[in-house]
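Chains, contacts and geometry: an overview
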Amino acid sequence: MLYVVIIFLFFSILLYFLLGGADFGAGIIELFTSTDNKSRTRRTMYKAIGPIWEANHMWLIIAVVIMFVGFPVIYSDMCTYLHIPLLIMLLGITARGTAFSFRNYDAIKDDKMQDLYNYIFVYSSFITPLFLGIVAGSVISRQIDPGAIDYLSTYIFSWLNWFSVMVGFFTVALCGFLAAIYLIGEAKEQFDVKRFTKKAVIMNAVAVGFGGLVFIAAEHENVHLAHWIFGNPVSLIAVIAASLSLVLLWYLLSKGNTKVIRILAAFQVTMILVSVSYRHFPNIIMVKGGHNLSLLKDHAPMATINDLGWGLLLGSLLILPALGYLFYSFQTKQSRAN
Amino acid sequence: MNDFIAARSQMALSLGFHIIYSCIGMVMPVFMAISNYKYIKTKDPLYKHITQAWSKGVAIFFATGAVSGTMLSFELGLLWPKFMEHAGPIFGMPFSLEGVAFFIEAIALGFFLYGWDKFNKWFHWFTGIVVGVSGVVSGILVVSANSWMNSPAGFDYVNGQYTNIDPIKAMFNAAWFSEALHMTIAAFAATGFAVAGIHALMIFRKKNVTFHTKSFKIAIAFGAVAAILQPLSGDLSAKGAAQRQPAKLAAMEAHFHTEPYSKLLIGGIPDTVNKKVNYGIELPGLLSFLVHDDFKTPVNGLDKIPQKDQPNVPVTHYAFQLMVAIGMFLLAIGLLYFFALWKKREWLNKSWFLKLFIAATPLGFIAVEAGWTVTEVGRQPWIIQGVMRTSEAVTPMPGIHYSFYLFTLIYFTLSLAVVFLLSRQIKMVPELYDHN
């Protein structure tokens with residue numbers, strides 16, 4: 001049952017990265033859209049994510065709940081040493097979620113308030129995945145130091161280091177890329193398809209750039225990233241698969257395919273996550289001095305894990321069909337409307 | 001402000017903010033489902049417009065409630081890591097089920113808000129029902145987690161170790177039913193009166209009277225019935241507190257001395273130094289009667305509880321008095337409404353009558369906040385009653401007061417924004433929903 005819980009944890013994090021990430025990315029794309037086209041982007045985006053965005057963010061809740069019920073020590077350590085980036089991420093989630101609904105549900109749409117909502121929405125769409133990435137980078141960076149005695153090294157340098165920050169920017173670029181690919185399929189006019197394709201190219205290039213910087217920063221901070229990724233066959237295959245799928249994605253896109261490329265983009269992100277986490281699984285937090293926290297060791301008592309596993313299994317029987325139908329029906333209704 | 005007080009204040013603020021949104025998120029979908037049902041049955045477009053107007057409100061409240069809930073699920077760890085480390089595996093079951101219920105609520109809300117005229121009308125109606133039901137279930141589950149803190153169960157605590165963990169037993173602890181019942185009824189009463197009050201104000205101002213009268217009727221029916229039922233569930237809660245948390249009950253009643261014919265106290269200013277109450281009305285024997293069903297058996301007072309295990313008496317007492325006073329007022333005007341409906345229909349549009357309900361708009365929520373103050377402050381100094389002190393659970397990170405100031409600013413801004421948005425929704429009713 002422990003493995004069931006771990007699989008649920010992995011998938012909720014993955015799905016949050018993919019769905020929530022594309023969602024954040026939509027805001028990032030809007031941020032980097034010229035003023036003339038902003039309202040076009042906004043319209044496409046509202047149609048695309050309006051009905052599903054709340055559900056996309058539920059994956060974070062599921063992941064957090066699994067963490068604090070199933071892996072309380074890990075959760076409590078993360079919350080202590082990464083208090084500040086988590087806090088900023090939360091503020092971003094709050095600002096973004098409320099700004100998005102407020103701009104849609106404000107009964108009066110033609111005044112300065114819309115500008116304010118947009119402003120908050122786009123900047124929080126940028127900041128939230130940045131800090132999400134920083135948190136993700138920090139847990140494997142070995143910079144968390146339970147032995148530290150001063151405030152800075154306990155609560156600041158645990159996350160404010162080159163590696164974590166570069167992972168943060170890499171995450172932002174990936175989110176933008178996912179969103180651009182997603183929006184290509186939602187766009188109705190050729191003009192928009194071209195615009196989003198261009199955005200996808202830029203985001204792709206930026207992601208590759210930051211990906212490189214992540215490796216450099218990793219060397220600088222003594223994180224054995226290259227060894228994790230290239231040092232074992234599974235990770236290596238995952239990286240190769242990710243790169244090949246990228247080539248295939250651009251080929252298909254040039255042929256005018258807009259749906260398969262979504263799967264390929266999602267596949268790519270999945271492979272990146274697999275290749276990074278495979279080598280140090282089951283360790284999830286790498287701590288300075290070597291006492292790592294492991295999913296297989298630092299979990300709740302088995303009675304809890306069993307109940308949690310059953311809860312998740314039964315819950316997913318309810319959630320997955322409903323969620324599938326939600327995605328399906330708004331997709332088909334959308335295309336029927338075209 | 002020291003870090004411990006800052007952490008408690010931040011938690012209180014976050015919960016106090018979230019609770020309003022979750023109550024509305026639980027109850028409004030039920031109102032929507034009723035008016036949507038009436039629309040499908042009567043074909044009167046006014047009911048469709050009421051449903052749509054309400055659903056805009058729900059979307060605003062749901063989004064705000066969802067983000068403040070996400071915030072809370074992290075704040076549990078950010079502020080109380082030691083508590084979560086030990087309590088997470090024990091009382092986490094209702095949270096994981098709540099995650100499921102909340103997820104379903106979000107999916108159903110997506111269908112409901114964006115699915116007008118796109119689906120079979122009964123399917124669309126059904127998704128509205130699912131929003132309501134999963135909202136209420138989420139609420140019950142979260143309250144059941146809280147009730148575990150008041151009445152810990154499902155584990156053995158031996159030499160500082162938590163063993164023999166049984167999450168299901170923890171979930172169905174002794175207090176869960178009375179607390180969940182009390183909170184659910186409170187949510188219906190508070191939301192019912194708040195919604196009714198806003199519509200009463202519009203009727204009073206003679207704006208879109210038919211639209212607002214129909215809306216008022218749906219909301220007040222729930223609010224009034226809930227207010228009438230609430231004292232019964234309150235009695236159940238108080239009896240439970242007497243049994244499991246005598247310190248809390250004693251603080252609620254500012255009951256300093258254990259003696260036969262224990263007095264029920266109405267009002268009064270507790271003097272904790274001299275252990276007496278000034279200016280209160282005391283009803284001898286009534287507290288004994290409420291707790292033990294006879295007038296003589298003494299109710300344990302604060303003298304039975306070591307000083308270091310006592311909650312803040314004045315805060316708990318005032319909050320309790322405020323909650324009960326509001327509860328009684330809402331009960332009275334709830335009865336008055338049904339009386340008017342039965343015998344004096346002409347009252348329903350009288351300005352004195354409407355003014356009563358306008359005045360009641362915020363009261364239910366003030367009572368909800370007061371009730372939570374009773375249950376949370378009344379449990380102190382414990383975070384897990386009798387097992388872990390709140391001060392042992394707090395994060396070691398210094399500087400929490402900055403985070404508290406930040407949260408205060410954010411919640412204040414968000415509250416303003418929501419009020420602003422709602423007032424704009426109401427202002428647009430004539431244009432969007434009711435042209436007559």
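Above this note sits the structure.
Once a new chain begins, its residue numbering starts again from 1 and follows that chain's sequence as written. Working convention: letters from A go to chains and numbers from 1 go to ligands, in the order in which they are written. Two thresholds apply to this predicted model, a pLDDT of at least 70 for residue-level local features and 80 or more for giving and counting side-chain atom pairs, whereas whole-chain, interface and lining totals are computed over all residues. In computing side-chain properties, one takes all heavy atoms of the structure into account and sets aside hydrogens as well as water.

Here a strand is any run of E in DSSP of at least two residues, a helix any run of H or I of at least four, and the numbering for each starts at the N terminus. A count of helices and strands for chain A gives 13 helices and two strands. Radius of gyration here uses only the C-alpha atoms, and the compact-globule reference equals 2.2 Å multiplied by the residue count raised to the power 0.38. In terms of overall size, chain A behaves like a compact globule, its C-alpha atoms giving a radius of gyration of 20 Å where 338 residues would be expected to give roughly 20 Å. With respect to the principal axes defined by its C-alpha atoms, chain A has extents near 55 × 40 × 40 Å. Sorting the 338 residues of chain A into buried and exposed places 60% on the buried side. The contact criterion used is simple: two residues touch if any of their non-hydrogen atoms lie within 4.5 Å. For chain A, contacts bridging at least 24 residues in sequence account for 77% of all contacts bridging at least 6. Here the accessible surface of atoms and residues is derived via Shrake-Rupley with a 1.4 Å probe, and residues count as covered only by protein chains that are part of the display. Summed over its atoms, the accessible surface of chain A is roughly 13700 Å², and 71% of this surface lies on carbon and sulfur atoms. Looking at chain A, you have 23 positive and 18 negative side-chain charges, and the mean spots of the two groups are 11 Å apart. Throughout this description, buried means an accessible area under 20% of the type-specific maximum (1.4 Å probe, protein chains only), exposed means over 50%, and partly exposed covers the range between. Lys and Arg are tallied as positive, Asp and Glu as negative. Neither His nor the chain termini are counted. Each charge is placed at NZ for Lys, CZ for Arg, CG for Asp and CD for Glu.

Right, let's talk about the pattern of salt bridges for a bit. Where charged atoms from two side chains of opposite charge approach closely, those side chains can pair. Salt-bridge detection follows one rule: a side-chain nitrogen of Lys or Arg within 4 Å of a carboxyl oxygen of Asp or Glu. Summed over all chains, the structure comprises twelve salt bridges over all chains. Measuring nitrogen to oxygen at the nearest pair gives 3.9 Å for the salt bridge that ties K112 of chain A to D115 of chain A. A residue pair is termed a helical-turn pair when its members lie 3 or 4 positions apart in one helix, as K112 of chain A and D115 of chain A do in helix α6 (residues 112-139) at three residues. E85 of chain B is the partner of K82 of chain B in a salt bridge, and the nearest nitrogen-oxygen pair spans 3.0 Å. Separated by three residues within a single helix, K82 of chain B and E85 of chain B lie in helix α3 (residues 81-114), roughly one turn from each other. The buried category is assigned to E85 of chain B, whose relative accessible area is 17%.

The next thing to look at is the interface of chain B and chain A. Between chain B and chain A, the residue contacts involve 63 residues of the former and 60 residues of the latter. Of the roughly 5600 Å² buried where chain B meets chain A, counting both sides, 80% is carbon and sulfur surface. Our enumeration of links across chain B and chain A arrives at zero salt bridges. Two N or O atoms form a polar contact when they lie within 3.5 Å of each other; inside protein one atom must be a possible hydrogen donor and the other a possible acceptor, and for residues adjacent in sequence the pair counts only when both atoms belong to side chains. Across the chain B-chain A interface, the total number found is six residue pairs in polar contact (both at pLDDT 80 or more). For the side of chain B that touches chain A, the secondary-structure elements that each account for two or more residues are α2 (45-79), α3, α5 (167-171) and α14 (400-427) of chain B. Among the elements that make up the side of chain B that touches chain A, the one with the highest residue count is α3 of chain B (21 residues). Defined here as a combined quantity, buried area equals the accessible surface (1.4 Å probe) lost by two parts on assembly, summed across both.

Looking now at the environment of L273 of chain A. Residue position: L273 of chain A is located in helix α12 (residues 260-280). Expressed as a C-alpha distance, the spacing of L273 of chain A and S138 of chain A, which sit 135 residues apart in the sequence, is 15 Å.

Next up on the list: unusual backbone geometry. Residue and element names in this part refer to chain B. Of note, the amide linkage connecting Q380 to P381 takes the cis form, showing an omega dihedral of 5°. Residue position: P381 is located in the loop between α12 (363-377) and β7 (382-384). Positive phi outside glycine occurs at K206, with the angle close to 60°. Within the element layout of this structure, K206 appears in the loop between α6 (176-204) and α7 (209-244).

Another point: a nonpolar patch on the surface. A residue counts toward a patch only above 30% relative accessible area and without a salt bridge, and it is joined to like-charged neighbours within 9 Å or, for Val, Leu, Ile, Met, Phe, Trp and Tyr, to nonpolar neighbours within 5 Å. Side chains of L116, Y119, I120, Y123 and I127 of chain A sit close together on the surface and give an oily, nonpolar patch of about 460 Å² of accessible area. With respect to the helices and strands, I120 of chain A occurs in helix α6.

Residue and element names in this part refer to chain A. To obtain each axis, a line is fitted to C-alpha atoms, and for helices this fit is confined to the stretch in contact; angles are then taken between N-to-C directions over 0 to 180 degrees. Close contact between α6 and helix α8 (residues 162-186) brings their axes to 7 Å; oriented N to C, the two are set at 135°. With respect to α8, the axis of α6 lies oblique. Judged by the sense of rotation from one axis to the other, the crossing of α6 with α8 is right-handed. On α8, the residues touching F126, P129, L130, G133, I134, G137 and S138 of α6 are F163, S164, V165, V167, G168, F169, T171, V172 and C175. When residues are grouped by polarity, Ala, Val, Leu, Ile, Met, Phe, Trp, Tyr, Cys and Pro land in nonpolar, Asp, Glu, Lys and Arg in charged, and all others, Gly among them, in polar. The residue inventory of the contact of α6 with α8, partitioned by class, reads ten nonpolar, six polar and no charged. Roughly parallel here means an angle under 35 degrees, roughly antiparallel means over 145, roughly perpendicular means 65 to 115, and every remaining angle is called oblique. Helix crossings are classified by the rotation of the near helix relative to the far one: an anticlockwise turn of less than a right angle makes the crossing left-handed, while a clockwise turn makes it right-handed.

Attention now moves to the nonpolar core. In terms of nonpolar packing, the biggest core is built from 241 residues, with F71 of chain A together with F83 and W148 of chain B touching the most fellow members. Tallying contributions element by element places α2 of chain B first for this core, with 19 residues. Every residue in contact with F71 of chain A, bar those within four places of it in the chain, is listed here: L2, V5, I6, L9, I66, L295, D298 and H299 of chain A. The term nonpolar core refers to a set of buried residues drawn from Ala, Val, Leu, Ile, Met, Phe, Trp, Tyr and Cys, joined through side-chain atoms within 4.5 Å. Core analysis: the second largest hydrophobic core is formed by eight residues, A254, L265, V277 and V313 of chain B among them.

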